[in-house]
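Structural description and commentary
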Amino acid sequence: MSGNGYAHPERLVSTEWLAAHLTDGTVRIVDVDEDTAAYDRGHIPGAVGWNWTTDLHSPVGRDHLDREALGRLLSAAGVEDDTTVVLYGGNDNWFAAYAYWILRLRGFEAVKLLDGGRRKWESEGRGLTHEVMDYQHTGYTVDGRERPEIRALRYEVLARTGGELGLVDVRSPEEYRGERLAPPHLPQEQAQVPGHIPGAVNIPWSQAANDDGTFKSAAELRALYGSAGIDGGREVVAYCRIGERSAHTWFALTELLGYGNVKNYDGSWTEYGSLVGAPVALGA
């Protein structure tokens, strides 16, 4: 497990820990990458691959899987009542953190992140495989308490723009200022207008990570967010473009710093920047 002064170090596992538990029948590894073809090019032995676009979302409408559908997804991965799910991916766990947040939202608690994700595993020369795993369905159902309190919806954000709410825009400075609608390597589309929510501070998600993809220490994270007035003393809502980068920040604030009342606005700028009449700010 990992430490670094975190409030909940048990929510992370190290590459060393995972390497020692690859054949542990109570551990299920899941690859959730921004690049949905990355799993096919090589993955951690024993891992199943989840496509964040098709596996984690409802086939109709823009929302996540409900509890019943999530149970089927976990069942297909061979998850049982005593299974711990370890998530990892590229881009310092962008979408692994997103999947983690969705699982917690729907009431699945036995989940952890691989600290450093794919980058750290590969940089250490640890093995990858092309073997596609096909576990026997277990009939697992999710019966934990759903946690709607970790999700912000648009009406909450619209009602509290301008500074009262601790809004954290975790996109790049260029996106925050309104110069881009998406990261440079992605199509510049989705939201109808550029900009940011009035009152939001800009703390790019990547500032929470070290060069090897692992999370910075608790002291470093407290200093990073505290410098912008995010210290756990009030409600905080993080957002990005579609909710995956802000899930990474939500993880840092909630699981590593232990701040209460932190929400991920997964509608994020794709939703907010397309609302008619919503207040929008441009510039630094």
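Going by the structure above, here's the rest.
These figures come from a predicted structure and were not determined experimentally.

It is worth spelling out the packing of aromatic side chains at this point. Under the counting rule described, the total for this entry stands at nine aromatic pairs. Between Tyr100 and Phe251 the ring centres are 4.9 Å apart and the planes differ by 80 degrees, which places this aromatic pair in the edge-to-face class. Here Phe251 lies in helix H9 (residues 244-256) and Tyr100 lies in helix H4 (residues 94-105), a separation of 151 residues in the sequence. Looking at Phe251, the relative accessible area reads 0%, which means it is buried. What links up through ring pairs into an aromatic cluster is the set Trp52, Trp94, Phe95, Tyr98 and Trp205. Its guanidinium or amino end placed over the ring of Trp121, Arg126 lies 5.7 Å from that ring's centre, counting from NZ or CZ.

The strand order across the open sheet built from four strands is E7-E6-E8-E9, with neighbouring strands paired in parallel fashion. For this open sheet the edge positions go to strand E7 (201-202) and strand E9 (262-264), each flanked by a neighbour on one side alone. Two elements, strand E6 (residues 166-169) and strand E8 (residues 236-239), share four bridges in a ladder whose sense is parallel. Within E8, the position partnered with Val168 by the bridge is Ala238.

Spatial strand order, E1-E5-E4-E2-E3: five strands in an open sheet with parallel pairing. Each of the sheet's edge strands pairs with one partner strand only, and the pair in question is strand E1 (12-13) and strand E3 (48-49). As paired strands, strand E2 (residues 27-31) and strand E4 (residues 84-88) are joined by five bridges and run parallel to one another. Opposite Asp31, over in E4, you have Tyr88 as the bridge partner. Against the sheet, H4 makes contact with E4 and strand E5 (111-114), and its axis sits at roughly 170 degrees relative to E5, the strand it touches most.

Attention now goes to the environment of Asp266. Among the structural elements, Asp266 can be located in the loop between E9 and helix H10 (268-272). In sequence terms Asp266 and Val132 are 134 residues apart; their C-alpha atoms lie 30 Å from each other. In this structure, Asp266 is in contact with Arg62, His64, Trp101, Arg151, Ala152, Ile242 and Gly243, ignoring residues within four places of it in sequence. A polar contact is formed between the side chain of Asp266 and the side chain of His64, at a distance of 3.0 Å.

Before going further, it helps to spend a moment on the pattern of salt bridges. For the coordinates displayed, the defined rule picks out 25 salt bridges. With a closest N to O distance of 3.4 Å, Arg147 and Glu149 form a salt bridge. Overall, Arg147 belongs to the buried group, its relative accessible area being 15%. Linking Arg171 and Asp169 is a salt bridge whose minimum nitrogen-to-oxygen distance equals 2.7 Å. By sharing partners, the salt bridges in this structure join Arg11, Arg104, Glu109 and Glu255 into a single network.

This next bit is on H4. End to end, H4 covers 17 Å across twelve residues, agreeing with the expected 16 Å (1.5 Å per residue, within 8%). Where H4 is concerned, the buried positions are Trp94, Phe95, Ala96, Ala97, Tyr98, Ala99, Tyr100, Trp101, Ile102, Leu103, Arg104 and Leu105. The inward-facing, buried residues of H4 contact helix H3 (67-76), E4, E5, H9 and E9. Just downstream of H4, Gly107 is the residue with a positive phi angle, here 100 degrees.

To continue, consider the packing of H4 against H9. The N-to-C vectors of H4 and H9 enclose an angle of 65 degrees; their axes lie 7 Å apart at closest approach. Classified by the interaxial angle, the pair formed by H4 and H9 is roughly perpendicular. Crossing of H4 against H9: the hand is left-handed. Listed contacts from H9 to Trp94, Phe95, Ala97, Tyr98, Tyr100, Trp101 and Arg104 of H4 are Glu244, Arg245, Ala247, His248, Trp250, Phe251 and Glu255.

The next subject is a nonpolar patch on the surface. A cluster of nonpolar side chains, namely Val193, Val280 and Leu282, defines an oily patch on the protein surface of about 240 Å² accessible area. Checked against the element boundaries, Leu282 lands in the segment after H10.

Definitions and cut-offs
Residues numbered from 1 in each chain as written. Predicted model: local features only at pLDDT ≥ 70, side-chain atom pairs only at ≥ 80, totals over all residues. Heavy atoms only, no water. Phe/Tyr/Trp six-rings, centres within 6.5 Å; stacked < 30°, edge-to-face > 60°. Helix = DSSP H or I, 4+ residues; strand = E, 2+ residues; numbered from the N terminus. Buried < 20%, exposed > 50% of the residue type's maximum accessible area, 1.4 Å probe, protein only. Lys NZ or Arg CZ within 6 Å of the ring centre and 35° of its normal. Pairing = 2+ DSSP bridges. Contact = heavy atoms within 4.5 Å. Axes fitted to C-alpha atoms, helices over the stretch in contact; angles between N-to-C directions. Polar contact = N/O pair within 3.5 Å; in protein donor to acceptor, adjacent residues only side chain to side chain. Salt bridge = Lys/Arg side-chain N within 4 Å of Asp/Glu carboxyl O. Expected span 1.5 Å × (residues − 1). Parallel < 35°, antiparallel > 145°, perpendicular 65-115°, else oblique. Left-handed = near helix turned anticlockwise from the far one by under 90°. Patch = residues over 30% accessible without salt bridge, like charges linked within 9 Å, V, L, I, M, F, W, Y side chains within 5 Å. Areas by Shrake-Rupley, 256 points an atom, 1.4 Å probe, with all protein chains shown as cover.

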